[in-house]
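In case you want the letters, here they are:
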Amino acid sequence: MNAPSPSLGEAFDRLGVPDQVRGMIVERHGEPHRHYHTLRHIDLMLRQIPKDTAFSREMIAATLFHDIVYDPTRSDNEDLSLEIFLSVADLLAPGTPLDRALVSDMILATKSHHFRGQDMPRDVAIDILLKADLSILWQPDAQIYAWYAQGVRQEYAFVPEAQFRVARTRILTALRDDLVASGQLTPDQTEALRRNTEWELG
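Anyway, here's the lowdown on the structure attached to this text.

Each value, and the rule that gives it
- Residues numbered from 1 in each chain as written.
- Predicted model: local features only at pLDDT ≥ 70, side-chain atom pairs only at ≥ 80, totals over all residues.
- Heavy atoms only, no water.
- Salt bridge = Lys/Arg side-chain N within 4 Å of Asp/Glu carboxyl O.
- Buried < 20%, exposed > 50% of the residue type's maximum accessible area, 1.4 Å probe, protein only.
- Helix = DSSP H or I, 4+ residues; strand = E, 2+ residues; numbered from the N terminus.
- Expected span 1.5 Å × (residues − 1).
- Arc of directions from axis to C-beta.
- Contact = heavy atoms within 4.5 Å.
- Axes fitted to C-alpha atoms, helices over the stretch in contact; angles between N-to-C directions.
- Left-handed = near helix turned anticlockwise from the far one by under 90°.
- Nonpolar A, V, L, I, M, F, W, Y, C, P; charged D, E, K, R; others polar.

**What about the pattern of salt bridges?**
Here's step 1: Applying the stated criterion to the full structure yields 13 salt bridges.
Here's step 2: Across the salt bridge formed by D76 and R74, the nearest N and O atoms sit 2.7 Å from each other.
Here's step 3: Assessed through its relative accessible area of 23%, D76 is described here as partly exposed.
Here's step 4: Judged by its relative accessible area of 43%, R74 is partly exposed.

**Examining helix α9 (residues 161–182)**
Here's step 1: In a regular helix each residue adds 1.5 Å, so 22 residues correspond to 32 Å; α9 covers 31 Å between its end C-alpha atoms and thus fits that length.
Here's step 2: Among all positions of α9, only F164, R168, L172, R176 and L179 are buried. In a view along the axis of α9, the buried residues occupy a sector of 80°, so they form one face of it. Away from its buried face by more than 90 degrees, α9 exposes A162, Q163, V166, R170 and A181.
Here's step 3: For α9, the elements touching its buried residues are α7 (121–134), α8 (142–155) and α10 (187–201).
Here's step 4: A positive backbone phi angle near 75° is found at G183, which sits one or two residues after α9.

**Comments concerning the environment of L92**
Here's step 1: On the secondary structure map, L92 appears in the loop between α5 (77–88) and α6 (100–112).
Here's step 2: On the basis of relative accessibility, which here comes to 3%, the residue L92 falls in the buried class.
Here's step 3: Along the sequence, L92 and T73 sit 19 residues apart, while their C-alpha atoms lie 30 Å from each other.
Here's step 4: In contact with L92, not counting residues within four places along its chain, are L15, V17, P18, F65, F85 and L98.

**Remarks on the packing of helix α4 (residues 56–65) against α7**
Here's step 1: Relative to each other, α4 and α7 sit at 40°, their axes nearing to 10 Å. The handedness of the crossing between α4 and α7 is right-handed. When α4 is examined against α7, the residues M59, A62 and T63 are found in contact with a partner set consisting of A125, I128 and L129.
Here's step 2: Across the contact of α4 with α7, the residue classes tally to 5 nonpolar, 1 polar and no charged.

**Some thoughts on the environment of F164**
Here's step 1: Within the secondary structure layout, F164 lies in helix α9.
Here's step 2: A sequence separation of 11 residues divides F164 from R153, and the C-alpha atoms of the two residues are 8.1 Å apart.
Here's step 3: Non-local contacts of F164, meaning those with residues more than four positions away in its chain, are made with V152, R153, Y156 and V159.

**Concerning the environment of L82**
Here's step 1: Topologically, L82 is positioned in helix α5.
Here's step 2: Contacts of L82, omitting those with residues within four sequence positions, involve S104, I107 and L108.

Structure representation (structure tokens):
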């Protein structure tokens, strides 16, 4: 089991996450079939979440729980992750309850990663969360991106190589094109995104 990072510890403290829930989050993300969807992924996401902005606590909660169920053979991981969040929501943020509906929307939004692109504060918060989830794609450190690409392949080790390459090319190309069209990225992020995806797809 991986030890929680400083960012993870800060997130736990910010939400007043009780010890038993902290343990569950750490244990789940340390499951042996996970290679990218681990605590490191959560830590990288948390580093992208503004600490003092509207709905920052909801973004932190969604980050902690959006992949708490991760089985690459299933298509309902986000739905199951949402169920776990809702089952412990009463234990989080004592004294100042979270906006559960917004956290729920955020968790489910990580299934499609479609940006809202609107000025409403709730939509802006969802877009920030989605951008944090996808930020590995424009990671400037080539070694970190390589860890991500290798981790995804290991998680789908049960898929034959030729089949995986076809599916991965389709998914990564669609994500890249959607991100570029979304207007969410800076020029430097767009360049890093293109560089990383070109390297991975060869």
